[in-house]
Amino acid sequence: MPPHSQLHANEVELIKSICDGEREAFYELVQPYERMVYATAISVVKNPADAEEVAQEAVLKAFSNLSSFRAESKFSTWLLQITYNEAKMRLRKARSHLYESIDDPQPSEDADYWPKDFADWRPIPSELFERDEVRLAIQNATNSLSGIYREVFVLRDVQNLSTKETATILGISEGAVKIRLLRARLQMRDTLAPGIDGCWFNGQPYQKVRPW
Amino acid sequence: MAIIEISCLEVWREISNFLDEEISTEMRERMEAHFKECAHCKAVLDGTRNVVGLVGDGKLFQMPEGFNKRLYKKIQGLP
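Please read these numbers as outputs of a predicted model, since none were measured by experiment.

We now examine the overall build of chain B. Across its full length, chain B carries four helices and zero strands. Traced from its N-terminal end to its C-terminal end, chain B shows the element sequence α-α-α-α. At 21 Å, chain B has a C-alpha radius of gyration far larger than the 12 Å of a compact globule built from 79 residues. With respect to the principal axes defined by its C-alpha atoms, chain B has extents near 70 × 25 × 15 Å. Residues counted as buried form 27% of the 79 residues belonging to chain B. Sequence-distant contacts, at least 24 apart, represent 60% of the contacts inside chain B between residues at least 6 apart.

Bringing the environment of A87(A) into the picture now. Residues and elements named next belong to chain A. Structurally, A87 is set in helix α5 (residues 75–95). Take A87: there are 26 C-beta atoms within 10 Å of it, and that puts it in the buried class. Placed 54 residues apart in sequence, A87 and Y33 show a C-alpha to C-alpha distance of 16 Å.

We now examine the nonpolar core. Residue and element names in this part refer to chain A. With 58 residues, the main nonpolar core has V37, Y38, A41, A55, V152 and F153 as its most contacted residues. Here this core spans two domains, since at least three of its residues come from each of domain 1 (3–95) and domain 2 (104–212). In this view, V37 contacts A55, A58, V59, L79, L80 and T83; residues no more than four positions away in its chain are not counted.

Residue and element names in this part refer to chain A. Counting buried residues along helix α8 (residues 163–170), six of its eight residues qualify, which places the element largely inside the surrounding structure. Every buried residue of α8 is accounted for by T163, E165, T166, T168, I169 and L170. Phi turns positive one or two residues past the end of α8, at G171, with a value near 70°.

Another point: the environment of S162(A). All names here are of chain A. Mapped onto the secondary structure, S162 falls in the loop between α7 (147–158) and α8. Among the residues examined, S162 registers 14 C-beta atoms within 10 Å and is labelled partly exposed. Sequence spacing of S162 and E174 is twelve residues, and the spatial spacing of their C-alpha atoms is 9.7 Å.

Residues and elements named next belong to chain A. You can read the domains of chain A as domain 1 (3–95) and domain 2 (104–212). Of the residues lining the interface, eleven residues belong to domain 1; the matching set on domain 2 comes to eleven residues. Broken down by secondary-structure element, the contributors of at least two residues to the side of domain 1 that touches domain 2 are α3 (34–45) and α5. Ranked by residues supplied to the side of domain 1 that touches domain 2, first place goes to α3 with five residues. When the residues that make up the side of domain 1 that touches domain 2 are grouped by side-chain class, the tally is five nonpolar, five polar and one charged.

This next bit is on the interface of chain B and chain A. On the chain A side, the residues contacting the 36 residues of chain B number 42 residues. Here the side of chain B that touches chain A gets 14 residues from one element, more than from any other, and that element is helix α3 (residues 39–55) of chain B. Of the residues that constitute the side of chain B that touches chain A, the class distribution is 20 nonpolar, ten polar and six charged.

Once that is clear, we can look at the environment of E11(A). Residue and element names in this part refer to chain A. Note that E11 resides in helix α1 (residues 3–19). The partly exposed category is assigned to E11, around which 18 C-beta atoms lie within 10 Å. The spacing of E11 and F75 is 64 residues in sequence and 7.5 Å in space, taken between C-alpha atoms. In this structure E11 touches L29 and F75, once residues within four positions along its chain are discounted.

How two helices sit against one another is set out by the angle between their axes and by the gap between those axes. Residue and element names in this part refer to chain A. The interhelical angle for the contact between helix α4 (residues 48–64) and α5, taken along N-to-C directions, is 130°, at an axis separation of 9 Å. What the angle tells us is that α4 and α5 run oblique. Here the hand of the crossing between α4 and α5 comes out right-handed. Mapping the contact onto sequence places D50, V54, A55, E57, A58, K61 and A62 in α4 and L79, I82, T83, E86, A87 and R90 in α5.

Cut-offs used in this document
- Residues numbered from 1 in each chain as written.
- Chains lettered and ligands numbered in written order.
- Predicted model: local features only at pLDDT ≥ 70, side-chain atom pairs only at ≥ 80, totals over all residues.
- Helix = DSSP H or I, 4+ residues; strand = E, 2+ residues; numbered from the N terminus.
- Rg over C-alpha atoms; globule rule 2.2 N^0.38 Å.
- Buried ≥ 20, exposed ≤ 12 C-beta atoms within 10 Å, placed from the backbone.
- Contact = placed C-beta atoms within 7 Å.
- Core = buried A, V, L, I, M, F, W, Y, C linked by C-beta atoms within 7 Å.
- Domains from an automatic or database assignment.
- Nonpolar A, V, L, I, M, F, W, Y, C, P; charged D, E, K, R; others polar.
- Axes fitted to C-alpha atoms, helices over the stretch in contact; angles between N-to-C directions.
- Parallel < 35°, antiparallel > 145°, perpendicular 65-115°, else oblique.
- Left-handed = near helix turned anticlockwise from the far one by under 90°.

What follows is the structure in C-alpha cells.
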C-alpha cells in the first residue's frame, strides 16, 4: 500500500476511536498538520498572533465536528477547509467596523499580467533561504500579493498541495486556482528578482533584456 | 513536423502550467522552442521556477514559539 493511503487508513482508524470517546488521540490526528493549519491561517489573516488564534479555533471546531467528517476526502483537506473558513470569518469581523469592502479589492483575473523585465536568475542556493533577511523578503513579497492570489500561492507552492485540494479548500474551481497561481508566481518573481540581483548576492548586476 | 511559433504573451499565460507539467506535449514543444529564442521569457521562466523552489521547502512560515504546546493545551481543555 502506498504511504499515502496507509496514512489515510490510519487516520480513519484514529477518527473512529476519537468518535468512540478516545479523546487523547485527537492531538495525534492533528499534530502532523499543525504547520499547514498555521500557514493556511496566516495566508489569510497575515499576522502571527491572529493566525495562531485562528489555528486553535479551527482545530477545536474540527474536534466538535469530527463525527461529520466523511472519509471520502482527506482529513487534511477537511481540516484546512475549516481553517480557511475560520480565517475568513475573522478577517470579516476585524474589518466590519471599517468602511472599506470586506474582501480585498478583487483584481481582474482576465487581464493579462506582464512580467517585468529582469534578465535571468542564477540558480538560487538553498542555503540562501537560511538567511533571515531572505526569508523576510519572501514573506513580505507574499504579503504584498492580493488576498485571492496569496491564498492560492500559499496552499499550492508553500504547502505543495494539489490543484484539486486547493480548489476544495478555497471553494473555487481548479481553473481559477491555476489562473490565480500564475498571477501570484509572476508577481512574486517580479518582487523578488531585484533582491536576488542587488542584495542577496555580491555578483554582477543583472542586465535588462528587451527582445522586442 | 514544424513547430508552430508562439508569442511571448501566450508563453506567459502558460508558464505556470509549464512548470507544473500540466500542458499538452504540443504546447510544451512550442514553448521550449520559444525559450531557446527568447531571453526574456527564459528569464521569466527561470525566475518563476526559482520562486517556486524557494518557498516550497516548508520553512517560509515558522510557527510562533510554543505554538504546539499551546495548541495541545487547548485540546486538553476540551470538554
